[in-house]
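For reference, the chains in residue letters:
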Amino acid sequence: MYTGAFTCNICAAGKYSTVLGATGVDTCVDCVGGKFAAGQGNSDETECDLCPAGKFSYMMGSDSEANCLHCVRGKYSITEGSNSEYDCQDCVAGKYGIWSGVSACRDCAAGKYGSMVGSTSSDSCMLCPTYVPQSPPGSTSMSMCWTFCSPAKVKEAFWEEHPDAKLSGSCPSVRVLF
């Protein structure tokens, strides 16, 4: 006997429905790639959470942040809700990424420089020559080691390491010897 009552169905995790009083799960729509919904009964796409920066997901209907994949070491992403690994960009020269799933890469320390793109370790950051005081953090080439060049100190240290070298003038003339 029909009593006129019906049962509302709720959408499973990873899905949502904007249809009020739906009696079937056929109205449930998957959260798109780059998003997930851990709870059930979501009534709007805005209830699908974004994968955080440094992560992405191709998966439709994801029910967990665990389905958001990490950008690999040496890459980063500032994009939230990414559905593509192509949003993961290489760490630029002067920076490195030791962890996966990051939203920023680390600078090579002051006194070092890094010329490689996509570096995964601080070991890729090279020391400035001992006769040059230092370079700023994130330096990309040895020429940046001259940023804080003090001609008197450079000449003194240079002569100690290279007593037979021909040196003239100030810091820029030392650079020519490389």
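See the structure above.
As the structure is a prediction and not an experimental result, all values here were calculated from the model.

Undergrad: What is the right way to read the pattern of salt bridges from this model?
TA: Where side chains of opposite charge bring their charged atoms close, a pairing between them can arise. With the rule as written, the count across this model stands at five salt bridges. Across the pair Glu65 and Lys55 runs a salt bridge whose closest N-O atoms are separated by 3.3 Å. Linking Glu65 in the loop between strand E5 (55–56) and strand E6 (69–70) with Lys55 in strand E5, this pair joins segments that are ten residues apart in sequence. The class of Glu65 is partly exposed, set by a relative accessible area of 34%. A salt bridge links Lys75 to Asp90; its shortest N-O distance comes to 3.0 Å. Here the residue Lys75 occupies a position in strand E7 (residues 75–76), and Asp90 occupies one in strand E8 (residues 89–90), the gap between them amounting to 15 residues.

Undergrad: Help me understand the side chain of Ser84 in this model?
TA: Structurally, the position occupied by Ser84 is in the loop between E7 and E8. Judged by its relative accessible area of 17%, Ser84 falls in the buried class. Ignoring sequence-local partners within four residues, the contact set of Ser84 consists of Phe56 and Tyr58.

Undergrad: Explain the state of the cysteines here, please?
TA: By definition, a disulfide links the sulfur atoms of two cysteines through a covalent bond. For the coordinates displayed, the defined rule picks out seven disulfides. One disulfide bridge connects Cys91 with Cys105, the sulfur atoms lying 2.0 Å from each other. In this structure the cystine formed by Cys91 and Cys105 twists about its S-S bond by roughly -75°; its chirality is therefore left-handed. Placement of the pair is Cys91 in the loop between E8 and strand E9 (95–96) and Cys105 in the loop between E9 and strand E10 (106–107), with a sequence separation of 14 residues. As far as burial versus exposure is concerned, Cys91 and Cys105 are alike and both buried. Note that Cys128 is cross-linked by a disulfide to Cys145, the S-S spacing being 2.0 Å. Around the S-S axis, the bridge from Cys128 to Cys145 shows a dihedral of about -80° and counts as left-handed. Residue Cys128 is located in the loop between strand E12 (126–127) and helix H1 (151–161), and its partner Cys145 is located in the loop between E12 and H1; the two are separated by 17 residues in the primary sequence. The exposure classification of Cys128 matches that of Cys145, with both residues buried.

Calculation rules
Residues numbered from 1 in each chain as written. Predicted model: local features only at pLDDT ≥ 70, side-chain atom pairs only at ≥ 80, totals over all residues. Heavy atoms only, no water. Salt bridge = Lys/Arg side-chain N within 4 Å of Asp/Glu carboxyl O. Helix = DSSP H or I, 4+ residues; strand = E, 2+ residues; numbered from the N terminus. Buried < 20%, exposed > 50% of the residue type's maximum accessible area, 1.4 Å probe, protein only. Contact = heavy atoms within 4.5 Å. Disulfide = S-S within 2.5 Å.

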